[in-house]
Number of protein chains: 2
Amino acid sequence: MKVLITGVDGYSGWPLALHLLARGHEVVGLDNFVTRRRVREVGSWSATPIPSFPRRQVAVREVLGKELVFHRGSLTDWEFVRNVLSTERPDAVVHLAEQRSAPYSMIDVHHAVTTQVENLTGTLHLLYGLRECCPGAHLVKMGTMGEYGTPNTDIPEGFFDVEFRGRKDHLPFPRQAGSWYHWSKVFDSGDVMFATRIWGLRATDVMQGVIYGVRTPEITDDRLLTRFDFDETWGTALNRFIAQAVLGLPLTPYGKGEQKRGFIALEDSMQSLTIALEHPPSPGEYRVFNQFDAAYSVNELAELTARVAREFGLNPTIDHPPDPRVEAEQHYYHPLHDHLLALGYHRTRELEEVVREIFHDLLRFRRRLQARRHVVLPTVQWRMPDSRPLLAARHPTAPAPPSENAPESPPAGSPTA
Amino acid sequence: MKVLITGVDGYSGWPLALHLLARGHEVVGLDNFVTRRRVREVGSWSATPIPSFPRRQVAVREVLGKELVFHRGSLTDWEFVRNVLSTERPDAVVHLAEQRSAPYSMIDVHHAVTTQVENLTGTLHLLYGLRECCPGAHLVKMGTMGEYGTPNTDIPEGFFDVEFRGRKDHLPFPRQAGSWYHWSKVFDSGDVMFATRIWGLRATDVMQGVIYGVRTPEITDDRLLTRFDFDETWGTALNRFIAQAVLGLPLTPYGKGEQKRGFIALEDSMQSLTIALEHPPSPGEYRVFNQFDAAYSVNELAELTARVAREFGLNPTIDHPPDPRVEAEQHYYHPLHDHLLALGYHRTRELEEVVREIFHDLLRFRRRLQARRHVVLPTVQWRMPDSRPLLAARHPTAPAPPSENAPESPPAGSPTA
């Protein structure tokens, strides 16, 4: 199968490319490297050193003996999207090329607009491109469990049976996102669902839980490492806690810390995406997978991190800074996740063992963490319309407003292999 | 009360300005005149002759003895939005400045992107502007009943009680829109709901039914007429049927014609918006009004139009061209609309008398209709990714792709009065 991965340079795009190549699939990637730039924008970098993309391609060739075809460009550029799809005619597209940080989207009006405009535009371009160039291709679109918010009921996978005033229907489950970023994912879901209906496209919409981890079995060489973000803007909760422990800082679950979320190990997220790809839906089918392995409160994760930290001679405390987000700090949380299990998903990594593995790697890169230790604590405030002054106070180069509405349009590049 | 109307040059923005001025409110308007340009883009114009905006202001002064302050600019321009809000500090904002045509959004990829990007960007800019300049102002945002689609249950006003797997919550009603335009309204609703939650803004989200009519009591002079669109792209069903009858063309309910929708007379829509303005919600409250008066099938409206047409010596037939949209042609439809009734809404115009009134006006402007008679029949096809060739075959100037992602950014103008 030929798979196009948009956002192939990213945290999950890169290990997915390695995993699919190792399984014998043909992989084409595209990226505009905007995440590398935006992580610099908030004064941070990846804890793991990441080679340039051409060097990544060389490493893939040398270590895996595989070719990874690459197109440099942005999904916000329609001609680029059409060129890539009509040239490559993939059997499936895994769409990971979106602005993926909730705090980034909450910095100020420009970051809010950029997030929603860029994500929507990229998805619409992909949908039209698929319709025009390869309508039978399977779109696997990365969404987030955060689309659902935290309702006081179980959370089904996308749809549920409704009874209202004596009549019944099977309808999309209500969405209640908690940031402009999370709303952009809700909007994407609407557009993808609609495109499958009017054009008969086939799509899997992945409500992804929070991913943790730094390794997959294919990462057998440091040149194949994926990025690992630990700052408040780009790092996810568990990854960030471990970085804090390595830095000798307190771990910081926000507020009461009883916020529960679904989590999944990087390797098992790759397993899930591969299952989706290898079991495509029918033409016209729009299916939703809640892609997480287990739900934990952030307190549970902080406590686990502190416990494992002690094995490494570290002794972190746990602080509870005021929650910068607007979210319930105590709530019911029970999302269903049967669709992947029915297709053969099984947990391959245990949480504690992955946490230990992350400690091993981060301790190796401790100096890269120390050089950016000021970016770990929260500054972006959900209740404020402009967090740039706070970011500026934290480090000398405050984020510049992204170029509004035309965020990334590098010239469409030729494929390189 | 000082009310800012965005999109004051439009079909409902203009009569709303007149109505609020006549009631003694202070009115400030803004517009970028993009609807005038886009109606030309599809080869059409308003059946009613519309003066330039400066002439409209003069007419308001002479006929109503009132001043209508105006700012020319686009909501996609953040500095313009902030300048207007910080200068004017309105008590309420009625947000009508969006791309409002479903067929326009379905022409091709560029029109899809422009519609969603422009509508989302404008709404986000307004929300941030309100937060920064006048957080107590009441935002009345124009949505559409089309956000809900046609579920097989009653449709509540925004929220409903859910019971799922033995647990209960009060959640947003699922949205299932039927065009990129309708989805853009769903997205707006999400953003407005979220802004009320994080910042304590107050908002009324109006799920507007299809508006029909050409007159309100304040339109006592032809210079005060509002625009009246009759082409397939910009005209709504009933308005378009009457134009077809005047032109001696068959009336064209699409497909089976049993699609039901909520409708409301222009004058009663103004009444509803005024009720919303004069009964604002509390800070932090997000409330939804289903703003329509009665539900009809398009067949019922076509039959009524044909019957009234005969009073005017016209004798239209009724055709059923294949439905260009993707929608259920027969379905259950029972939306609730109690919120406005509870605040004192009452029907002031009967459907048949408004239809008769529209015939009177359109017969006066018959020559303007005849000059553009080729734009009434459907060409934009929901199932096709690009309807530009069809539009081009219909009239010599096919729509050019709108400038992507930066649709309208005239320089922020100074207020004129």
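Let me begin by describing the structure that accompanies this report.

Rules of the game
- Residues numbered from 1 in each chain as written.
- Chains lettered and ligands numbered in written order.
- Predicted model: local features only at pLDDT ≥ 70, side-chain atom pairs only at ≥ 80, totals over all residues.
- Helix = DSSP H or I, 4+ residues; strand = E, 2+ residues; numbered from the N terminus.
- Rg over C-alpha atoms; globule rule 2.2 N^0.38 Å.
- Least-squares fit on C-alpha atoms with pLDDT ≥ 70 in both.
- Contact = placed C-beta atoms within 7 Å.
- Core = buried A, V, L, I, M, F, W, Y, C linked by C-beta atoms within 7 Å.
- Buried ≥ 20, exposed ≤ 12 C-beta atoms within 10 Å, placed from the backbone.
- Nonpolar A, V, L, I, M, F, W, Y, C, P; charged D, E, K, R; others polar.
- Expected span 1.5 Å × (residues − 1).
- Pairing = 2+ DSSP bridges.
- Arc of directions from axis to C-beta.
- Axes fitted to C-alpha atoms, helices over the stretch in contact; angles between N-to-C directions.
- Parallel < 35°, antiparallel > 145°, perpendicular 65-115°, else oblique.
- Left-handed = near helix turned anticlockwise from the far one by under 90°.

When helices and strands are tallied, chain A shows 14 helices and 12 strands. The C-alpha radius of gyration of chain A comes to 20 Å, within 12% of the 22 Å expected for a compact globule of 417 residues. Overall, the C-alpha framework of chain A stretches about 60 × 55 × 45 Å when taken along its three principal axes.

This brings us to the relation of the copies chain B and chain A. By a simple turn and slide, chain B fits onto chain A: the slide is 0.0 Å along the axis, the RMSD is 0.0 Å, and the turn is 180 degrees. A rotation of that kind, with that shift, is consistent with a two-fold axis. When you check the interface residues of chain B against chain A, 100% turn up at the interface there too, and the contact is symmetric in its surfaces.

The next subject is the nonpolar core. Ile242 of chain A together with Ile242 of chain B are the most contacted members of the largest nonpolar core, which totals 244 residues. Each residue touching Ile242 of chain B, except ones within four places of it in the same chain, is listed here: Thr305, Val355, Ile358, Phe359 and Leu362 of chain B.

Quick look at the interface of chain B and chain A now. Across the contact, 46 residues belong to chain B and 46 residues belong to chain A. Taken together, the elements giving at least two residues each to the side of chain B that touches chain A come down to α6 (109-133), β6 (159-164), β7 (167-172) and α7 (180-199) of chain B. When residues of the side of chain B that touches chain A are assigned to their parent elements, the largest contribution, 12 residues, is made by α6 of chain B. In the side of chain B that touches chain A, the residues fall into 26 nonpolar, 9 polar and 11 charged.

An α-helix turns once every 3.6 residues. As a result, residues three or four positions apart point the same way. Look at helix α9 (residues 266-278) of chain B: 18 Å from first C-alpha to last across 13 residues, which is about the 18 Å you get at 1.5 Å a residue. Across the 13 residues that make up α9 of chain B, a large majority, 10, are buried.

Our next topic: unusual backbone geometry. Residue and element names in this part refer to chain A. Residues other than glycine seldom take positive phi values, yet Arg89 does so here, at roughly 40 degrees. With respect to the element layout, Arg89 can be found in the loop between α4 (78-88) and β4 (92-95). Not every positive phi belongs to a glycine, and Arg165 is a case in point at roughly 50 degrees. Note on placement: Arg165 falls in the loop between β6 (159-164) and β7 (167-172). Note on Arg165: 12 C-beta atoms within 10 Å, which makes it exposed.

Further remarks concern the pairing of strand β5 (residues 138-144) of chain B. All names here are of chain B. Among the 7 residues that make up β5, 7 are buried, leaving the element largely enclosed by the rest of the structure. Residues of β5 alternate between two faces, with His138, Val140, Met142 and Thr144 on one and Leu139, Lys141 and Gly143 on the opposite face, all of them buried. Pairing geometry for strand β4 (residues 92-95) and β5, over 4 bridges, is parallel. Within β5, the position partnered with His95 by the bridge is Lys141. Where β5 and strand β8 (residues 202-208) come together, 7 bridges link them in parallel fashion.

When we look at burial in α4 of chain A, the residues that qualify are Trp78, Phe80, Val81, Val84, Leu85 and Glu88 of chain A. Taken end-on, α4 of chain A shows its buried residues confined to a sector of 165 degrees, consistent with a single buried face. Away from its buried face by more than 90 degrees, α4 of chain A exposes Glu79 and Ser86 of chain A. The secondary structure elements touched by the buried residues of α4 of chain A are β1 (2-6), β2 (26-31), β3 (69-72) and α6 (109-133) of chain A together with α6 of chain B.

This brings us to the sheet that holds β4 of chain A. Residue and element names in this part refer to chain A. Ordered in space as β3-β2-β1-β4-β5-β8-β11, the 7 strands form an open sheet in which the pairing is parallel. Here the strands that pair on one side only, and so sit at the sheet edges, are β3 and β11 (286-291). The mean inter-strand angle of the sheet, taken between neighbouring strand axes irrespective of direction, is 20 degrees. Across 6 bridges, strand β8 (residues 202-208) lies against β11 in parallel orientation. Residue Thr204 lies in a different strand from β11, and its bridge partner there is Arg287. On the sheet, helix α1 (residues 13-22) packs against β1, β2 and β4 and is oriented at approximately 165 degrees with respect to β2.

All names here are of chain B. Read from one edge of the open sheet, 3 strands run β9-β10-β12, paired in mixed fashion. What marks the edges here is a single partner per strand, and that holds for β9 (210-212) and β12 (294-297). In this sheet, adjacent strand axes meet at a mean angle of 50 degrees when their direction is disregarded. The pairing of β9 with strand β10 (residues 260-265) spans 3 bridges and is classified as parallel. The residue bridging Val210 from the neighbouring strand is Phe263, located in β10.

Below, the discussion takes up the environment of Phe33 of chain A. Of note, Phe33 of chain A is situated in the loop between β2 and α2 (34-41). Judged by the 15 C-beta atoms lying within 10 Å of it, Phe33 of chain A is partly exposed.

Next up on the list: the packing of helix α10 (residues 298-311) of chain A against helix α12 (residues 351-364) of chain A. How two helices sit against one another is set out by the angle between their axes and by the gap between those axes. All names here are of chain A. Contact geometry for α10 and α12: axes closest at 10 Å, N-to-C directions at 55 degrees. What the angle tells us is that α10 and α12 run oblique. Pair α10 / α12 crosses with right-handed handedness. Where α10 abuts α12, its residues Leu304, Thr305, Val308 and Ala309 lie against Leu351, Glu352, Val355, Arg356 and Phe359. Here the residues of the contact of α10 with α12 are counted per class, giving 6 nonpolar, 1 polar and 2 charged.

Here we take up the environment of Thr76 of chain B. Tracing the chain through its elements places Thr76 of chain B in the loop between β3 (69-72) and α4 (78-88). On the basis of neighbour counts, which here come to 27 C-beta atoms within 10 Å, the residue Thr76 of chain B falls in the buried class.

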